[in-house]
Amino acid sequence: MHLIDLSQDIYEGMKVYPGHLKTVQFEHATHEETAPRFDSGFSFQTTGFMLNDNGPTHVDSFSHLDPDPSADTIEKMPLELFYGTAVCLDVTGFAPRTDITAEDLDRIVEASPVDVRPGDIVLFHTATWNRYAGDRRYLSEFAGLGESASEWIVEQGIKTFGVDSPTPDNPASTSYPCHMMCRREHITHYENLANLDRIVNTRFMFVGFPLKLRGAHGGPTRAVAVVG
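Residues numbered from 1 in each chain as written. Predicted model: local features only at pLDDT ≥ 70, side-chain atom pairs only at ≥ 80, totals over all residues. Heavy atoms only, no water.

1. Considerations on the packing of aromatic side chains
Put simply, the rule is: Under the pairing criterion, centres of Phe, Tyr and Trp rings, with the six-membered ring standing for Trp, must be within 6.5 Å; the plane angle then separates stacked pairs below 30 degrees from edge-to-face pairs above 60, leaving the rest tilted. Under the scheme used here, helices are H or I runs from DSSP no shorter than 4 residues and strands are E runs no shorter than 2 residues, and both carry numbers assigned from the N terminus.
Under the defined criterion, the tally for this structure stands at 6 aromatic pairs. Judged by centre distance (6.3 Å) and plane angle (5 degrees), the rings of Y83 and F209 are stacked. Here the residue Y83 occupies a position in strand β5 (residues 83–90), and F209 occupies one in the loop between β11 (203–207) and β12 (218–220), the gap between them amounting to 126 residues. By way of ring pairs, the aromatic residues F38, F42 and F44 are connected into one cluster.

2. Observations concerning the nonpolar core
Filter applied, for reference: The term nonpolar core refers to a set of buried residues drawn from Ala, Val, Leu, Ile, Met, Phe, Trp, Tyr and Cys, joined through side-chain atoms within 4.5 Å. Only protein chains enter the accessibility calculation, which uses a 1.4 Å probe; a residue whose area is less than 20% of its type maximum is buried, one above 50% is exposed, and one in between is partly exposed. Every residue pair with non-hydrogen atoms within 4.5 Å of one another is taken to be in contact.
If you look at the biggest cluster of nonpolar residues, it comprises 50 residues, and the most contacted ones within it are L6, L123, F124, W152, F161 and I199. Setting aside anything within four residues of it in sequence, one finds L6 in contact with T57, L123, L193, A194, N195, L196, I199, F206, A223, V224 and A225.

3. Quick look at helix α6 (residues 177–185)
The criterion, for reference: Note that the arc is defined by the directions from the helix axis to the C-beta atoms.
Every buried residue of α6 is listed here: C178, H179, M181 and C182. Projection of α6 onto a plane perpendicular to its axis shows the buried side chains occupying an angular sector of 155 degrees, all on one side.

4. Topic: the pairing of β11
Stated formally: When DSSP finds two or more bridges between two strands, those strands count as paired.
Side chains F204 and F206 of β11 all project onto a buried face; the interleaved residues R203, M205 and V207 project onto a face where none is buried. Inspection of the sheet shows β5 paired to β11 by 5 bridges, in the antiparallel sense. Of the residues in β11, the one forming a bridge with Y83 is V207. Relative to strand β13 (residues 224–227), β11 is paired through 3 bridges, and the arrangement is antiparallel. Looking at β13, one finds that F206 is bridged to A225.

Structure (C-alpha cells):
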C-alpha cells in the first residue's frame with residue numbers, strides 16, 4: 001500500500017477561482033520572539049493565513065451549491081461522502097473551453113481498464129494542474145463536463161466526483177450545468193485536485209476529509225489516494 005497526495009500546495013499567490021478571496025500567508029510568531037518566554041531553551045514559531053473555503057483543493061458543501069437555507073454547510077455533511085472506492089478517468093483529450101459529453105464518457109470508460117460502479121467516487125483527470133499550475137491559464141484553459149456528462153454522473157450512481165481544475169463546468173459556460181446537477185441531486189465534488197496523472201485508469205481508495213469549518217460553504221482538503 002502507498003499514499004499519493006492529490007492536493008495542491010497552499011501558498012500566497014496561488015491561483016484561486018476568479019472572485020474568491022486570495023490566499024494570504026504571514027509570519028505570526030518566530031523562535032526569536034517566543035524563546036524569552038521559557039527558561040528551558042524551548043521556543044516555537046507559527047504562520048498566520050487567510051483562506052477562502054473554496055480556494056485551494058476543496059470539496060463543495062451543499063450550501064455552496066444550493067441557496068435553500070436548509071442546505072448543509074460543510075461540517076454537517078456525511079463523512080461517507082468524502083471516503084470510498086474510487087477510479088480516475090482520463091479526460092485530457094478535449095480542447096479548452098469545450099463540453100465533455102456523456103457519449104465521450106461512455107467511450108472513455110469502454111477504453112479504460114477500470115469500470116465505474118454505483119457508489120464510486122470518480123475523479124476526472126483533465127491535466128489542467130499538470131499543464132498550468134501557477135499560471136493564469138489554469139483558471140480558464142480547460143474543458144468541462146457539459147449537461148449530458150453531468151447527467152451521466154447521476155445515471156452511473158456516482159457518490160462524489162472531482163476534477164484537477166478550478167471547476168467541473170466549462171469555464172466558458174454561463175449556466176454551469178454540472179453545478180446545477182449537483183444542486184438538484186445533492187451530489188458534491190472536489191475542485192483543484194492534483195497529481196491525477198499518477199492514478200489515472202486505476203482503482204483505489206479515496207480519502208478527502210474537509211476541515212470542519214462551522215457554517216462554511218466548502219472545505220479545504222488534504223485529498224489522498226490509497227493505492228494497494
